[in-house]
Amino acid sequence: MSLDSTLTPDAVRSSRLAERLLVPAGFVTTAGNAFQITAAAILVFHAEQTTLAVGWLFIAVSIPQVALALLFGKLVDKVDRRMLCIAADLVSAMTAFALPVWLWIGGPANLGSYIANFMLACTAALFMPASNGLIKERIRDERLGKFNSHFEMASNAGMLMASSLAGFLVIWFGATPLFVFNSLSFILSAVLVYAIGRKPAKPQVVEETTAADPSEPVEAPAHQPIKRLALLYANGNIGLMVANVILTTLILQTFDQGAWMIGVVDALAGVGFIVGAAAYGKVSKRFKGIHLAVLGTLGNLICLAIQPLHYIALMVAIPFAGFCFAQGRIAARTLLMRASPEDRVGRIFGGTQAVGLGLGVGATVGLSALADATTVPYAFWGLAILQGAIVIGTYFSLAKPLSAQEKKQPAEVLEATAA
């Protein structure tokens, strides 16, 4: 029996509608955020001329999410996730618009950037677990792999496309219009999420029938290695946070290039990521989820170690880094989401976000200080070593429990719940 046969027609339609609307919502939200953070990072760097100054901007974005993500994750599991997403988007829109108003009245750019991004991070701490909970709630389990590839492709394409344009737009128009665009992007995201509609009622399934039919979908096993899968996924957050900081300094300071190169590099990374996400469906048929998560991450780290050698090496390596990152990121996200029970997915992703950003804050401070004390390439190599140790250690700790699940469960059940 297929999963669709256990769902009402309204539930099937709701799942398809959610797939169509959540993908563009992710695109516009991340594009707006990328415009905001890239423009703010350029302003702060030109004002302070240090890696750590840019690092503190990203830390200001991360601290509220570290402190609040788990708390908000528990709230998400108790309250309507769709309405929480809408509320977070509307509050973010008002906060984002406050920054250009501050600049228009002559407020200090540095102070305004830190405060606005700090406040946006507070609402992001709610939006992140709420949106992931909404995805788990509305998207059918066997569609999660394909949906996650589309969602990650759209979200990261929006982020990288906006980051690539931001460098040019700051030069041509200044930073203020980008902050206004970010405010409008949150409003559009809220409209798209609202259009999903209310959650359809679940059909009542006879317990005896479910137990008797081995092809019937089952809940995730009680003893899933959630914490280790969460660390595997959070490792990507660490890399994103630190790389955003040190890449800006590498281009502007080490290579002595202009903001235009930030745009070129982000565009190349975006192309690599989009191609990787588009190819994920075919690649994932050849590799198990855990293997793809590990191999993709390691491929990305090899490219990361090459990037600081020369700006030509950076531009050559970064599309391959984007491709590998896409494979590892989508595989790790799907592993964690499929293993998470629906009634706990908010706190699981909230906790994962808190851990990832908490480790990212520590890594950003340490590696930024290393870059300022020595040279920026050492920060790149330090990041590669740190992330490599995490992914390899996590893989070996997961090998035994995942192998045990393979022996206990039919292949199709394992694929639907833990891979």
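Structural data are supplied above this passage.
Here the structure is a predicted model, which means the values were calculated and not measured.

Caption draft 1: Representation of the side chain of arginine 81 in the model. Along the chain, arginine 81 falls in helix α3 (residues 81-104). For arginine 81, a relative accessible area of 5% corresponds to the buried category. At a separation of 3.3 Å, a polar atom in the side chain of arginine 81 contacts the main-chain carbonyl oxygen of valine 76. Here glycine 133 takes part through its backbone oxygen, which lies 3.2 Å from a polar atom of the side chain of arginine 81.

Caption draft 2: Up close: the environment of threonine 38. For threonine 38, the position within the fold is in helix α1 (residues 9-48). Along the backbone, threonine 38 and leucine 165 are 127 residues apart, and their C-alpha atoms lie at a distance of 9.6 Å.

Caption draft 3: Spotlight on the pattern of salt bridges. Here the structure, examined in full by the defined rule, presents 4 salt bridges. Between aspartate 77 and arginine 81 there is a salt bridge, with the nearest N and O atoms lying 3.0 Å from each other. The exposure classification of aspartate 77 matches that of arginine 81, with both residues buried. Between glutamate 137 and arginine 81 there is a salt bridge, with its nearest N and O atoms 3.6 Å apart. Remark: arginine 81 occurs in helix α3 and glutamate 137 occurs in helix α4 (residues 109-138); sequence separation between them is 56 residues.

Caption draft 4: Region of interest: the nonpolar core. Residues Leu22, Ile135, Val193, Leu232, Leu336 and Phe349 are the most contacted members of the largest nonpolar core, which totals 54 residues. Of the residues forming this core, the biggest block, 9 residues, is contributed by helix α11 (residues 311-339). Residues from two domains meet in this core; each of domain 1 (11-197) and domain 2 (223-400) gives at least three. With sequence-adjacent residues up to four places away left out, isoleucine 135 is seen in contact with Leu22, Leu144, Phe147, Phe151, Arg333 and Met337. Core analysis: the next-biggest nonpolar cluster, separate from the first, contains 26 residues, Val242, Leu250, Ile262 and Val376 among them.

How each quantity is defined
Residues numbered from 1 in each chain as written. Predicted model: local features only at pLDDT ≥ 70, side-chain atom pairs only at ≥ 80, totals over all residues. Heavy atoms only, no water. Helix = DSSP H or I, 4+ residues; strand = E, 2+ residues; numbered from the N terminus. Buried < 20%, exposed > 50% of the residue type's maximum accessible area, 1.4 Å probe, protein only. Polar contact = N/O pair within 3.5 Å; in protein donor to acceptor, adjacent residues only side chain to side chain. Salt bridge = Lys/Arg side-chain N within 4 Å of Asp/Glu carboxyl O. Core = buried A, V, L, I, M, F, W, Y, C linked by side-chain atoms within 4.5 Å. Domains from an automatic or database assignment. Contact = heavy atoms within 4.5 Å.

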